[in-house]
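Here is how the chains run, residue by residue.
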Amino acid sequence: MHPRDQTIFALSSGRPPSAIAMVRVSGPQAGLVLTTLAGKLPAPRQASRRLLRDGADQPIDDAVVLWFPGPGTATGEDVAEFHVHGGRAVLAALLAAISLIPNTRAAEPGEFTRRAFENGKLDLTEAEGLDDLIHADTDRQRRQALRQLQGLLGNRARDWRERIIEASALIEAGIDFSDEGDVPAELTAPAVKAIQVLHDEITKVLAAQGHSERLRDGLVVAIAGEPNVGKSTLMNQLARREVAIVSPHAGTTRDVIEVQLDLDGYPVTVIDTAGIRETDDPVEQEGVRRARARAEDADLVLWLVEGERAVDPSGGQIWIVRNKIDLGGVGSPGEFGISASRGDGIPELVEALVKFAAEFFGTTEGALVTRARQRDLLGRASDSLRRSLELVEEGEELAAEELRAAAYALGRLLGRVDVEDVLGAIFQKFCIGK
Ligand SMILES: Nc1nc2c(c(=O)[nH]1)N(C=O)[C@@H](CNc1ccc(C(=O)N[C@@H](CCC(=O)O)C(=O)O)cc1)CN2
Ligand SMILES: Nc1nc2c(ncn2[C@@H]2O[C@H](COP(=O)(O)OP(=O)(O)OP(=O)(O)O)[C@@H](O)[C@H]2O)c(=O)[nH]1
Ligand SMILES: [Mg+2]
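Residues numbered from 1 in each chain as written. Chains lettered and ligands numbered in written order. Predicted model: local features only at pLDDT ≥ 70, side-chain atom pairs only at ≥ 80, totals over all residues. Heavy atoms only, no water.

## Focus on the overall build of the protein
Piece 1. Within the protein, the regular secondary structure consists of 13 helices and twelve strands.
Piece 2. Taking 434 residues into account, the globule formula puts the C-alpha radius of gyration at 22 Å, and the protein, at 29 Å, lies well above it.
Piece 3. Dimensions of the protein, computed from the C-alpha atoms along their principal axes, are close to 80 × 75 × 35 Å.
Piece 4. Across the protein, every contact between residues at least 6 apart in sequence was considered, and the portion connecting residues at least 24 apart equals 62%.
Piece 5. The average position of the 50 basic charges and that of the 68 acidic charges among the side chains of the protein differ by 6 Å. (Helix = DSSP H or I, 4+ residues; strand = E, 2+ residues; numbered from the N terminus. Rg over C-alpha atoms; globule rule 2.2 N^0.38 Å. Contact = heavy atoms within 4.5 Å. Lys, Arg positive; Asp, Glu negative; His and termini not counted. Charge placed at Lys NZ, Arg CZ, Asp CG, Glu CD.)

This is the structure we're talking about:
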């Protein structure tokens with residue numbers, strides 16, 4: 001039997017042990033799995049309590065089960081759900097009992113979603129949104145992912161694709177009509193107008209995206225500066241816990257230490273680094289090398305100084321943060337003055353970071369593009385439309401060719417025209433059970 005026709009099953013809830021766990025089954029054998037383990041089929045889409053039994057008629061667990069007959073289901077296939085106690089032995093017994101039923105097998109990562117995609121329940125951008133929703137850590141990530149899952153980009157792309165195909169039909173009708181020589185302008189004018197509007201709409205969506213695709217990974221803020229200025233103390237303040245070792249000894253931090261923060265719904269990774277100085281200690285040298293590399297890659301560097309020390313960092317986005325103001329010393333304009341150990345100035349610094357994040361991510365409530373793949377394909381569609389406008393004067397065939405390329409790019413965005421390995425690569429990164 002082809003793997004596509006097998007019935008798949010997986011633990012769809014989190015790592016055991018948990019209070020309750022959910023095992024999902026999808027495919028033609030889902031009903032048989034349910035009756036084998038739980039007796040007669042429950043009423044569709046209604047929770048029923050059943051004692052589950054294995055092949056030897058031994059009890060597995062006291063469970064709640066659901067039966068969703070296809071095709072009106074999440075995957076488009078028959079689906080069964082087992083809501084059981086989330087202990088490791090319960091799950092092991094349940095999964096073993098299911099796998100004994102012929103033509104069933106454990107699902108690959110993302111395979112439920114893949115089947116939903118193949119059955120037309122969602123397009124590729126919606127599947128990507130679903131994956132992002134599962135991995136969303138902050139509220140803004142969640143909202144962006146949910147918009148994508150609900151088809152905000154997919155619906156726009158479908159509409160654009162249809163309109164491009166209509167415009168290209170107009171142009172091609174002109175080509176047939178003219179037979180030889182130029183197509184009369186009154187035939188192509190409506191198509192040209194339509195292409196211009198389409199080009200404007202797609203370009204606007206691309207322009208509005210800002211750094212919205214970075215919302216998935218988060219902003220990286222590096223704390224850097226000379227040894228002993230209080231970088232690790234600031235890190236602990238921002239994290240509100242003791243993530244880094246603080247000591248009066250210069251050269252304490254060697255490895256790069258990271259914490260994930262949720263700043264007003266924006267995901268921010270803060271990294272604490274080794275104090276940058278010339279040193280003979282090879283371990284510290286390596287720490288300094290890593291500190292420099294990470295600071296260079298960061299979206300923002302908080303360059304910490306203490307006391308009256310002058311500063312000379314250069315390049316990139318850098319904020320000067322003057323620490324230990326409790327010991328005296330005055331900050332210059334354009335600097336932050338803080339006491340990392342006492343907490344003075346920290347709320348102001350955090351507030352500025354939230355503002356920076358808001359500007360960095362741009363108008364994420366309006367952003368439709370969340371991945372490089374999507375941006376790339378929209379860019380191609382927009383470029384092809386622009387070229388078709390340029391070419392329409394020279395020859396309708398060339399313009400029609402570019403329109404086909406634009407429609408093709410949108411088709412790939414939606415996952416309508418894509419080669420198996422591209423789809424495979426996308427779904428592979430999903431969770432098992434999703
Ligand atoms: N127990 C449980 N909770 C869950 C899911 C699930 O599969 N099981 N989901 C898993 O994704 C999410 C909900 N998403 C769903 C998406 C589509 C359909 C569905 O049955 N769609 C049909 C019928 C539409 C309808 O009646 O509204 C369809 O699209 O044809 C169900 C759940 C989150 N919570
Ligand atoms: N008075 C005062 N002391 C501070 C302040 N912040 C940090 N310190 C002290 O400064 C010393 C160095 O702090 P760390 O946070 O370890 O400094 P660091 O920059 O991480 O040092 P390295 O990891 O060695 O580069 C410790 O003794 C801290 O207690 C501050 O705001 N005021
Ligand atoms: Mg340190």
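From this point on, the discussion continues.
## Let's talk about the site of ligand 1
Piece 1. Residues in close proximity to ligand 1 include M22, R24, R45, G72, T73, A74, E81, K121 and K434, which together make up its full environment.
Piece 2. In this structure, E81 approaches ligand 1 through a side-chain N or O atom, which is 2.5 Å from a nitrogen atom.
Piece 3. Between an oxygen atom of ligand 1 and a side-chain N or O atom of K434, the distance comes to 3.1 Å.
Piece 4. Contact with the protein chains covers 41% of the free accessible surface of ligand 1, which is 670 Å².
Piece 5. For the shell around ligand 1, the residue count by class is two nonpolar, two polar and five charged. (Near = heavy atom within 4 Å. Polar contact = N/O pair within 3.5 Å; in protein donor to acceptor, adjacent residues only side chain to side chain. Areas by Shrake-Rupley, 256 points an atom, 1.4 Å probe, with all protein chains shown as cover. Nonpolar A, V, L, I, M, F, W, Y, C, P; charged D, E, K, R; others polar.)

## Some thoughts on the site of ligand 2
Piece 1. The environment of ligand 2 is made up of 23 residues, and the closest members are K231, T233, G251, T252 and T253.
Piece 2. A distance of 3.5 Å separates an oxygen atom of ligand 2 from a polar atom in the backbone of P248.
Piece 3. Taking K324, its side chain carries an N or O atom lying 3.0 Å from an oxygen atom of ligand 2.
Piece 4. Protein burial of ligand 2: of its 650 Å² of free accessible surface, 88% is covered by the chains.
Piece 5. The leading source of residues in the shell around ligand 2 is helix α8 (residues 231-239), at three residues.
Piece 6. Taken together, the residues that form the shell around ligand 2 break down as seven nonpolar, 13 polar and three charged.

## Observations regarding the environment of R105
Piece 1. Tracing the sequence through the fold places R105 in strand β6 (residues 104-106).
Piece 2. For the pair R105 and L385, spaced 280 residues apart in sequence, the C-alpha to C-alpha distance is 46 Å.
Piece 3. Not counting chain neighbours up to four residues away, the residues in contact with R105 comprise P3, Q6, T7, I8, F9, E111 and R115.
Piece 4. In this structure the side chain of R105 is engaged in a polar contact, spanning 2.6 Å, whose partner is the side chain of E111.

## Examining the coordination of the magnesium ion (ligand 3)
Piece 1. For the magnesium ion (ligand 3), the full set of protein donor atoms is S232 (OG) and T253 (OG1), at a range of 2.0 to 2.1 Å. Of the two residues, S232 sits in helix α8 while T253 sits in the loop between α8 and β8 (257-263), which places them 21 residues apart along the sequence. Side by side, S232 and T253 carry an identical accessibility label, which is buried. (Donors = N, O, S within 2.8 Å, 3.2 Å for Na, K, Ca; no water. Buried < 20%, exposed > 50% of the residue type's maximum accessible area, 1.4 Å probe, protein only.)

## With respect to the UniProt feature "binding site: (6S)-5-formyl-5,6,7,8-tetrahydrofolate" (unreviewed entry) in the protein
Piece 1. UniProt annotation of "binding site: (6S)-5-formyl-5,6,7,8-tetrahydrofolate" (unreviewed entry) refers to R24, E81, K121 and K434 when read in the numbering used here.
Piece 2. Within the secondary structure, R24 is located in strand β2 (residues 18-26).
Piece 3. Look at R24 and you get buried, because its relative accessible area is 9%.
Piece 4. Discounting chain neighbours no more than four positions away, the residues touching R24 are I8, F9, A10, S12, A74, V79, A80, E81, F112, G433 and K434.
Piece 5. Among the polar contacts made by the side chain of R24, one reaches the side chain of S12 at a distance of 3.5 Å.
Piece 6. By secondary structure assignment, the location of K434 is in the segment after α13 (420-428).
Piece 7. K434 gets classed as partly exposed once you look at its relative accessible area, which sits at 24%.
Piece 8. In this view, K434 contacts R24, G110, E111, F112, T113, L130 and I134; residues no more than four positions away in its chain are not counted. (UniProt positions renumbered as here; feature names shortened; annotations may be inferred.)

## Quick word on unusual backbone geometry
Piece 1. Cis geometry marks the peptide bond from P16 to P17, where omega comes out at -5°.
Piece 2. The backbone phi angle of N228 is positive, close to 70°, even though this residue is not glycine.
Piece 3. If you trace the backbone, N228 turns up in the loop between β7 (219-225) and α8.
Piece 4. Positive phi is not limited to glycine here, since K324 has a value of about 65°.
Piece 5. Looking at K324, the relative accessible area reads 22%, which means it is partly exposed.

## As for the sheet that holds β8
Piece 1. Pairing is mixed across the open sheet formed by six strands, whose spatial order is β8-β9-β7-β10-β11-β12. Because the sheet does not close on itself, it has two edges, and the strands there are β8 and β12 (336-337). (Pairing = 2+ DSSP bridges.)

## Some thoughts on the sheet that holds strand β4 (residues 59-68)
Piece 1. Pairing in this open sheet of six strands is mixed, and the strands run β3-β4-β5-β2-β1-β6 from one edge to the other. Every other strand in the sheet has two partners, leaving β3 (48-53) and β6 as the edge strands with one partner each. For this sheet the average axis-to-axis angle between neighbouring strands, irrespective of direction, equals 30°.
Piece 2. Looking at chain direction, strand β1 (residues 7-11) and β6 are connected through three bridges and run parallel. If you follow F9 over to β6, its bridge partner there is A106. (Axes fitted to C-alpha atoms, helices over the stretch in contact; angles between N-to-C directions.)

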